[in-house]
Amino acid sequence: MIQRMRKQERILGSLSILGLILAALVSTLYHTSIDMTKNKAFTLSVAAKNLHDEIPESVRISYFVSRSLADRHPGPAAIEDFLMELESANKGKIRVRTLDPAKDDTEAKQFGLAPQQMQVVERSEQRVALVYTGIVVEYLDRFETIPAILSTETLEYEIVKTVRRVISGRSFVAGLLVGDGDKTIADDYQSLSGSLLRAGYEPREIRPAEAIDDDVDLVFVLGNDSLDRYDASFIDAFLMRGGKAFFALKGVTVDPERGLAASAVPAGGLLSILSAYGIEIQSKLVLDQSNLTVPFQTQSPTGSRQIQYVRYPHWVAVDYRFVDTSSPMTAGFAGLDLYWPSPMSIRPLSGVTYTELAKTTPKAWLQSRQFATGPDEQALYGLEKEESTGQYLLAVSASGSLPSAFSAGDIPYREGAASLPMARAKVSEPTRIVVVSSADFLTDLMTMSDSGFNALFAVSAADWLCSRDDLIAIRSRALVDTRLNRIQDEGQKAFMIGLTYIVTLGLIPFGIIAFGLLRASRRNRAERESRCRRGVES
């Protein structure tokens, strides 16, 4: 009997080991995962799964990674897992390989990949190591590289976009037209240019009063205080032939070089062109209770300079509750900070579809008579608050056939400049535009206010303008505003801060102490009762 039981145990143990071995083998061929993130950030998108439908021939993806880096950092393993899943989902049209350039870096250098410096500690000594971590996407005789990739946060977006770009053999050109006389691309728009470049766009400077080339896919119009109707006519002509445009415009100019002096943008110019498309930007400033705290350098009465942190309602932090989640640009809203915005309104036109992308909170207000913008003018910020409190439109998109701003034949003229052609389409080819009533929100001020998602919003808008909604959906899944700014009402915020202190520094410690005292008391009482019983028994 005992021998039979031992035999059964040995058979059962052997079968269990065999089952584990078979399960391990099967797991190398098939796998599944459960993505419990809110936006399914770790699940392949439909665009990534269906890339095989867009690939005539096979695409090869090579991941060059140094094993010394993979042994020290979790990023390479996550990247390899993603690439293998992408390969498995695309029915043989995507082939993936992983190479260690430490053995032979000839191929990596041929693709233009360069090693990156990394601090490592070995045997209690710190040294700098050169490691590779880059991806090359090949199609026929063309290739594109994704250098220095170390996480999967935006990898899916970059891979899908790179595969499409290497198949088509061309990049999308994003023109940058600076319309404020005190700004340049080199000095004020490096963050925007870099974000567009990393997203696969080719940034190209567009000069005012010059025709926009046919190979430009979309134009960012950045500011408007130095653009007149003659300059605007070239943008109108671009839109009439089906070009796409992103307008970051203002109704009020605020000059940081002159103590934040503010003045209304003169009527006409680009604002009148925009009005012809059914979108009005008023010469007023919007202030909101949902705003940023801004460090200002001020001068004390003694003449010394100091940093003063001011809750600045002129810099509006758009609340996630007041964006249009049906638009792919704001469906995965990560944040948007607008500097000195103006109120907008829509005058709907036939054949054009408008979407209100972002609004203020219902507790915003206006400055229309006296523009008080300096940190020493805080007492004047709310002069018109009581009479103008409400919700105001800050960003809008429009798609369809736009009417030309010069359809009546009133072609502008500039002394000493070439005459513009009289023949002009009265209605555009189907096109798209995005308008934000803040001319400065895409400047490098965004780095100072920790508003990097402003540039990401611009990239999402560029994708939408180029009709690539599926790419926006991929990018938006990885974007999150991590700032602790959900509560904007000062009274409610003060209450929550006080409640947090009471709970963490009062109730929780007191509860722990009370529990310990109560438990000690019960134990002492139980011991006394036990001694009493033993005394009675004896």
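Here, the structure is the one placed above.
Attention here is on the structure that accompanies the text. It should be emphasised that the depicted structure is a prediction, and the values quoted were computed from it without experimental measurement. Along each chain, residue indices are assigned from 1 in the same order as the chain's sequence is written. pLDDT decides what is reported in this predicted model: residues at 70 or higher carry local features, side-chain atom pairs at 80 or more are listed and counted, and totals for whole chains, interfaces and linings draw on all residues regardless. As a rule here, side-chain values cover all heavy atoms of the structure and leave hydrogens and water aside.

1. A few points about the pairing of strand E11 (residues 252-255)
Relative accessibility under 20% of the residue-type maximum defines a buried residue, over 50% an exposed one, and the middle range a partly exposed one, all with a 1.4 Å probe and only protein chains included. Secondary structure elements follow DSSP: runs of H or I no shorter than four residues count as helices, runs of E no shorter than two count as strands, and numbering proceeds from the N terminus. Covered by surrounding structure in E11 are Val252 and Val254 together with Thr253 and Asp255, the residues of both alternating faces. Here E11 pairs with strand E12 (residues 261-264) via 4 bridges, running antiparallel. Bridge pairing in E12 places Thr253 opposite Ser263. Where E11 folds back onto E12 in an antiparallel hairpin, the turn is made up of 5 residues, including Gly259, whose phi is positive at roughly 65°. When DSSP locates at least two bridges between a pair of strands, those strands are taken to pair.

2. A word on the nonpolar core
One broad trend across soluble globular proteins is that nonpolar side chains are buried collectively. For this analysis, a nonpolar core means a set of buried residues of the types Ala, Val, Leu, Ile, Met, Phe, Trp, Tyr and Cys, connected via side-chain atoms within 4.5 Å. In terms of nonpolar packing, the biggest core is built from 94 residues, with Ile61, Ile135, Ile159, Phe220, Phe246, Phe441 and Leu442 touching the most fellow members. The element that contributes the greatest number of residues to this core is helix H13 (residues 453-465), accounting for 8 residues.

3. What about the sheet that holds strand E1 (residues 59-65)?
Strand order across the open sheet formed by 4 strands is E2-E1-E5-E6, with mixed pairing between neighbours. Of all the strands in the sheet, the pair left with one neighbour each is strand E2 (94-99) and strand E6 (142-146). Neighbour-to-neighbour, the strand axes of the sheet open up by a mean angle of 20°, direction not taken into account. Two strands pair when backbone bridges link them, and strand E5 (residues 133-139) and E6 are joined in this way by 5 bridges, in the antiparallel orientation. Counted as the bridge partner of Ile135 is Ile146 from E6. Packed on one face of the sheet, helix H6 (residues 155-168) meets E1, E5 and E6 and runs near 160° to E6. Think of each axis as a best-fit line through the C-alpha atoms, taken over the contacting stretch in the case of a helix, with angles from 0 to 180 degrees between the N-to-C directions. Note on contacts: a residue pair qualifies if any of its non-hydrogen atoms lie within 4.5 Å across the two residues.

4. Some remarks on a positive patch on the surface
Patch members must show over 30% relative accessible area and no salt bridge, and they are joined within 9 Å when carrying like charges or within 5 Å when they are nonpolar side chains of Val, Leu, Ile, Met, Phe, Trp or Tyr. Exposure was quantified through the Shrake-Rupley algorithm and a 1.4 Å probe, taking into account, for residues, occlusion by the shown protein chains and nothing else. Any Lys or Arg side-chain nitrogen located within 4 Å of an Asp or Glu carboxyl oxygen qualifies as a salt bridge. Asp and Glu are treated as the negative residues and Lys and Arg as the positive ones, with His and the ends of the chain left uncounted. The location of each charge is read from NZ of Lys, CZ of Arg, CG of Asp or CD of Glu. A contiguous patch of positive charge on the surface is contributed by Arg522, Arg525, Arg528 and Arg531. As for its placement among the helices and strands, Arg525 is situated in helix H15 (residues 490-537). Using a relative accessible area of 45% as the deciding quantity, one classes Arg525 as partly exposed.

5. Some thoughts on empty space enclosed by the protein
A probe matching the size of a water molecule, rolled over the atoms, marks out where space remains unfilled. Only protein atoms enter the 1 Å grid, on which a cavity is a set of points fitting a 1.4 Å probe that cannot get out and a pocket is an open set with protein on both sides within 12 Å along at least 5 of 7 lines, lining residues being those with an atom within 4 Å of a point. Grid points are joined across faces, edges and corners, and a volume is the space filled by probe spheres set on the points. Under the counting rule described, the total for this entry stands at 3 cavities of 30 Å³ or more. The computed volume of the second largest cavity comes to approximately 50 Å³. Every residue lining the second largest cavity is listed: Leu113, Ala114, Gln116, Tyr132, Thr133, Gly134, Pro147 and Ala148. Each residue gets one label: Ala, Val, Leu, Ile, Met, Phe, Trp, Tyr, Cys and Pro are nonpolar, Asp, Glu, Lys and Arg are charged, and the others, such as Gly, are polar. Taken together, the residues that form the lining of the second largest cavity break down as 5 nonpolar, 3 polar and no charged.

6. Some remarks on the packing of aromatic side chains
Here a pair means two rings of Phe, Tyr or Trp (six-membered ring of Trp) with centres within 6.5 Å. Their orientation is stacked below 30 degrees between planes, edge-to-face above 60, and tilted elsewhere. In total, this model carries 12 aromatic pairs according to the counting rule given. A ring pair is formed by Phe64 and Phe111, whose centres lie 6.2 Å apart and whose planes are at 55°; its orientation type is tilted. Taken together, the residues Phe64 in strand E1 and Phe111 in the loop between helix H5 (106-110) and strand E3 (116-122) connect sequence positions 47 residues apart. Of the two residues examined, Phe64 and Phe111, each falls in the buried class. On the basis of an interplanar angle of 75° and a centroid distance of 5.1 Å, the ring pair of Phe296 and Tyr312 is categorised as edge-to-face. With Phe296 in strand E15 (residues 291-299) and Tyr312 in strand E16 (residues 305-317), the pair connects residues that are 16 residues apart, well separated along the chain. As far as burial versus exposure is concerned, Phe296 and Tyr312 are alike and both buried. Among the aromatic residues, ring-to-ring pairing joins Phe296, Tyr312, Trp315, Tyr339, Trp340 and Tyr381 into one connected group. Counting as a charge over the ring demands two things of the Lys NZ or Arg CZ atom: a distance within 6 Å of the ring centre and an angle within 35 degrees of the ring normal. Directly above the aromatic system of Phe172 lies the positively charged group of Arg170, at a separation of 5.2 Å from the ring centroid. Between the NZ or CZ atom of Lys385 and the centre of the ring of Trp365, over which it lies, the distance is 4.4 Å.

7. Observations regarding the packing of helix H9 (residues 229-240) against helix H10 (residues 269-276)
The N-to-C vectors of H9 and H10 enclose an angle of 40°; their axes lie 8 Å apart at closest approach. With respect to each other, H9 and H10 are oriented oblique. Judged by the sense of rotation from one axis to the other, the crossing of H9 with H10 is right-handed. Contact residues: H9 offers Arg229, Ala232, Ile235 and Asp236, while H10 offers Gly269, Leu270, Ser272 and Ile273. Every angle not falling under 35 degrees, over 145, or within 65 to 115 is termed oblique; those three ranges are roughly parallel, roughly antiparallel and roughly perpendicular. By definition, any crossing whose near helix is turned counterclockwise from its far helix by less than a right angle is left-handed, and any crossing with a clockwise turn is right-handed.

8. Examining the pattern of salt bridges
Taken as a whole, this structure holds 28 salt bridges when the rule is applied. For Arg414, the salt bridge is made with Asp228, and the minimal N-O distance between the two is 2.7 Å. Of this pair, Arg414 sits in the loop between strand E21 (393-400) and strand E22 (431-436) while Asp228 sits in the loop between strand E9 (218-222) and H9; the two residues are 186 residues apart in sequence, bridging distant segments of the chain. One salt-bridge network, held together by shared partners, links Asp180, Asp182, Lys183, Asp225, Lys250 and Asp440.

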